[in-house]
Amino acid sequence: MTNEMILDALKNVTYPGFTKDIVTFGFVKDVQIDGDKVSIVVDITSSAPEVKAQITDESTVELKKLGFLAVDVEIKAPQAPKQMSNSVSGKNIAPHVKNFVMVSSGKGGVGKSTTSVNIAIAMAMQGKKVGILDADIYGPNIPRMMGLNNVKPEIQGNKVQPLQAYGVEMMSMGSLMEDGQSLIWRGSMIMKAIEQFLRDILWSELDVLVIDMPPGTGDAQLSLAQSVPVTAGIVVTTPQQVSLDDSKRSLDMFEKLHIPIAGVVENMSGFICPSCETESDIFGMGTSKEVAASFNAELIAQIPIEPAIRIGGDTGKPIVFHNPDSETAKRYQTAATDLLAFIDKVNAEGGADNSAVQPTTPPGVSACSTGAGTAVAEPAPAQASGGSCGTGCGCH
Ligand SMILES: Nc1ncnc2c1ncn2[C@@H]1O[C@H](COP(=O)(O)OP(=O)(O)O)[C@@H](O)[C@H]1O
Ligand SMILES: [Mg+2]
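In this numbering scheme, every chain counts its residues from 1 along its sequence in written order. Naming scheme: in the order in which they are written, chains are lettered from A and ligands are numbered from 1. Side-chain atom pairs in this predicted model are given and counted only at pLDDT of 80 or more, local residue features only at pLDDT of at least 70, and totals for whole chains, interfaces and linings cover all residues. As a rule here, side-chain values cover all heavy atoms of the structure and leave hydrogens and water aside.

J.: For this particular structure, what's the right way to read the packing of helix H3 (residues 112–125) against helix H12 (residues 327–348)?
T.: Helix packing geometry: the angle between the two helix axes and the distance between the axes. Axis geometry follows a simple rule: fit a line to the C-alpha atoms, using only the stretch in contact for helices, then measure angles between N-to-C directions, giving values from 0 to 180 degrees. Numbering of helices and strands starts at the N terminus; helices are DSSP runs of H or I of at least 4 residues and strands are runs of E of at least 2. In the contact formed by H3 and H12, the axes pass within 8 Å of each other and the chain directions differ by 70°. With respect to each other, H3 and H12 are oriented roughly perpendicular. Each of Thr 114, Thr 115, Asn 118, Ile 119, Ala 122, Met 123 and Met 125 in H3 lies in contact with H12, whose residues at this interface are Tyr 332, Gln 333, Ala 335, Ala 336, Leu 339 and Leu 340. For classification, angles of less than 35 degrees are called roughly parallel, those exceeding 145 degrees roughly antiparallel, those between 65 and 115 degrees roughly perpendicular, and all remaining angles oblique. Whether two residues are in contact is decided by their heavy atoms, any of which lying within 4.5 Å being enough.

J.: Explain helix H7 (residues 219–227) here, please?
T.: The α-helix advances 3.6 residues per turn, and as a result positions three or four apart in sequence lie on the same side. Only protein chains enter the calculation, and the probe is 1.4 Å; a residue is then buried if its accessible area is under 20% of its type maximum, exposed if over 50%, and partly exposed in between. Burial runs high along H7: nine of the nine residues are buried. Residues Asp 219, Ala 220, Gln 221, Leu 222, Ser 223, Leu 224, Ala 225, Gln 226 and Ser 227 constitute the buried set of H7. On the buried face of H7, the contacting elements are strand S4 (99–104), helix H6 (187–199), strand S10 (208–212) and helix H8 (241–256).

J.: Which parts of the structure should I look at to understand the packing of H6 against H7?
T.: Packing of H6 against H7 leaves a shortest axis separation of 9 Å and a crossing angle of 40°. With respect to H7, the element H6 is oriented oblique. Both H6 and H7 take part in a crossing whose hand is right-handed. Taking contact as the criterion, the partners of Gly 187, Ile 190, Met 191, Ile 194, Glu 195 and Leu 198 in H6 are, on H7, Asp 219, Ala 220, Leu 222, Ser 223, Leu 224 and Ser 227. Nonpolar residues are Ala, Val, Leu, Ile, Met, Phe, Trp, Tyr, Cys and Pro. Charged residues are Asp, Glu, Lys and Arg, and all others, Gly as well, are polar. By residue class, the composition of the contact of H6 with H7 is seven nonpolar, three polar and two charged. Each helix crossing is assigned a hand: it is left-handed if the near helix lies turned anticlockwise from the far helix by less than a right angle, otherwise right-handed if that turn is clockwise.

J.: Teacher, can you tell me more about the sheet that holds strand S3 (residues 70–76) here?
T.: Strand-to-strand pairing in sheets goes through backbone hydrogen bonds, with the strands running parallel or antiparallel. Strands sit in the order S1-S2-S3 across an open sheet of three strands; the sheet is mixed. Strands with a single pairing partner mark the edges of an open sheet, and in this sheet they are strand S1 (28–34) and S3. Mean inter-strand twist for the sheet, computed between neighbouring axes without regard to direction, equals 10°. Any two strands between which DSSP finds at least two bridges are classified as paired. Where S1 lies against strand S2 (residues 37–43), six bridges are found, and the strand directions are antiparallel. Its bridge partner being in S2, Asp 30 is matched across the sheet by Val 41. Its contacts with the sheet put helix H1 (residues 3–10) on S1 and S2, and the angle it makes with S1 is roughly 125°. Relative to S3, helix H2 (residues 49–65) is tilted by about 150°, and along the sheet it contacts S2 and S3.

J.: I tried to follow the pattern of salt bridges on my own but got confused; where do I start?
T.: A pair can form between side chains of opposite charge whenever their charged atoms are brought close. Only one rule defines a salt bridge in this text: a Lys or Arg side-chain nitrogen within 4 Å of an Asp or Glu carboxyl oxygen. Evaluation of the coordinates by the stated rule reveals eleven salt bridges. A salt bridge links Arg 331 to Glu 327, with the shortest nitrogen-to-oxygen separation between them at 2.9 Å. Here Glu 327 and Arg 331 lie together in helix H12, a separation of four residues that amounts to about one turn. On the accessibility criterion, Arg 331 (23% relative accessible area) is partly exposed. Among the ionic contacts, a cluster of salt bridges with common partners joins Lys 107, Asp 246 and Arg 249.

J.: Any chance you could explain the packing of aromatic side chains here in plain terms?
T.: One pair of aromatic rings is described through two measures. These are the centre distance and the angle between the planes. For Phe, Tyr and Trp, rings pair up if their centres lie within 6.5 Å, where Trp contributes its six-membered ring, and each pair is then called stacked (planes under 30 degrees apart), edge-to-face (over 60) or tilted (otherwise). The tally for this structure, following the rule as stated, stands at four aromatic pairs. Taking the centre distance of 5.0 Å and the plane angle of 10° together, the rings of Phe 25 and Phe 27 count as stacked. Residue classification places Phe 27 among the buried positions, given a relative accessible area of 10%. Measuring from centroid to centroid gives 4.7 Å for Tyr 166 and Phe 321, while their planes differ by 55°, and the two rings are tilted. Placement of the pair is Tyr 166 in the loop between strand S8 (163–165) and strand S9 (168–172) and Phe 321 in helix H11 (residues 319–322), with a sequence separation of 155 residues.

J.: In this structure, what is going on with the site of ligand 1? I would like to understand it.
T.: Distances are taken per atom, and a residue is near a molecule or strand as soon as one of its heavy atoms is within 4 Å of it. Every one of the 16 residues lining ligand 1 counts as a neighbour, but Gly 109, Lys 112, Ser 113, Thr 114 and Pro 304 are closest to it. Within the side chain of Ser 113, an N or O atom sits 2.8 Å from an oxygen atom of ligand 1. Per-residue and other accessible areas follow the Shrake-Rupley method at a 1.4 Å probe size, with only the shown protein chains counted as cover for residues. Across the complex, the protein chains shield 83% of the 560 Å² of accessible surface that ligand 1 would expose by itself. For cavity detection a 1 Å grid was placed over the protein atoms alone, and a set of points counts as a cavity when a 1.4 Å probe fits there but cannot get out; an open set counts as a pocket when protein lies on both sides within 12 Å along at least five of seven lines, with lining residues being those that have an atom within 4 Å of a point. What decides whether a molecule sits in a cavity or pocket is whether more than half of its atoms lie within 2 Å of the grid points. More than half of the atoms belonging to ligand 1 lie within 2 Å of the grid points that define the largest pocket. If you list the elements that add at least two residues to the shell around ligand 1, you get H3, strand S12 (261–272), strand S14 (299–305) and helix H10 (307–315). Residue classes in the shell around ligand 1 are distributed as seven nonpolar, six polar and three charged. Polar contact is the term for a pair of N or O atoms within 3.5 Å; when the atoms are in protein, one must be able to donate a hydrogen and the other to accept it, and sequence-neighboring residues count only if both atoms are side-chain atoms.

J.: Just to check I follow, could you spell out the state of the cysteines for this structure?
T.: What we call a disulfide is simply a covalent bond connecting the sulfur atoms of a pair of cysteines. Here, the term disulfide refers to a pair of cysteine sulfur atoms separated by no more than 2.5 Å. One pass over the structure, following the stated rule, counts one disulfide. Each sulfur of the disulfide joining Cys 273 and Cys 276 lies 2.2 Å from the other. Its torsion about the S-S bond being 140°, the disulfide of Cys 273 and Cys 276 is classed as right-handed. Given a relative accessible area of 41%, Cys 276 falls into the partly exposed group.

J.: Teacher, can you tell me more about the side chain of Glu 169 here?
T.: The topology assignment puts Glu 169 in strand S9. Note on charges: Lys and Arg go in the positive column, Asp and Glu in the negative column, and His and the chain ends are not counted at all. For Glu 169, which is buried and forms no salt bridge, the nearest opposite charge comes from Lys 129, at a distance of 4.3 Å. If near-sequence neighbours (up to four positions away) are discounted, Glu 169 is found in contact with Lys 129, Val 130, Gly 131, Ile 132, Pro 162, Leu 163, Gln 164, Leu 202, Trp 203, Ser 204 and Leu 206.

What follows is the structure, given as structure tokens:
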């Protein structure tokens, strides 16, 4: 028995979907004969499992016809392509952004914006192309925290160029309106604003857009989840029980919106005394761990109360950039690394998909007017969305 005889036999195996056989295509790479055993290696160009199965079966039949008792067919095939988050089904009104991270909290004042800014800058320092969208329409603090307080964006036609600081693109309602102007928004207006922030801001091809949400679980959160596939959700909480109670609602909302939970950031976790460098426990430390675990999520950072963090926020000099050797900056960097690893994992597993949270009403019909809800259980109305359509119904 010679290799030529084997190849002749394998010429009877056509490549599935083609008229040519696997030998003529040059796919048979190796033939080893050992007594009544034969093994072959076939290197194909398709990752489809049915192609692999058909070639294995037909080759085995042909080689057994030659009298071999044991036939080993090894098929080498390319890896199935990994789906990135942008290519999944569902809706994405900002397809040039690869990943969206929603930063939420149950309450205001727990450090959501501080966390968003420092983690966004940390990811940029790690070489990623990052943007930060201040979607806290009622309390837009990101411009101050990024040192962009009085900077007005450039308008190009009906689009807006994002501002830039610390290697991060930024846009905020605070940059678009006059200083201190107060806002009374209805739910439907919030939803429209979120859409415009995604559609009408000239974001670059970002690896990650971090979105600092208003506190609570309401119209803004639902609108964001329906507009783009959110790759990762982060909940910021302080360690007191009253904050943790609200954080559970945020975590529950992520689950209902099918947003993969990257983890919980426990902020104001202990106090580092600047004069004595010791750490004291003020609000309780580590209490968030259990809450995170109950949602199968990680505690991705514990950030102490530290005057330098507040000063960094007030003066537009974020600690992660201006004091990179501090323990706190290192914790933000670790959280950023973990977040990026989580995003990679979500994408490797098929990416985020928001098709299950789309409004169920036909196009052009307001979900509000029909009284129909979304496919998900409704999150509680936003704390401050006075006069909203109030149902989280996806009306425009
Ligand atoms: N770990 C911290 N240590 C000291 N001050 C902090 C810390 N986290 C936040 N702050 C300060 O607390 C205030 C509220 O934080 P902020 O990020 O605006 O909260 P939120 O966005 O949740 O409303 C800000 O003045 C901020 O600088
Ligand atoms: Mg804030």
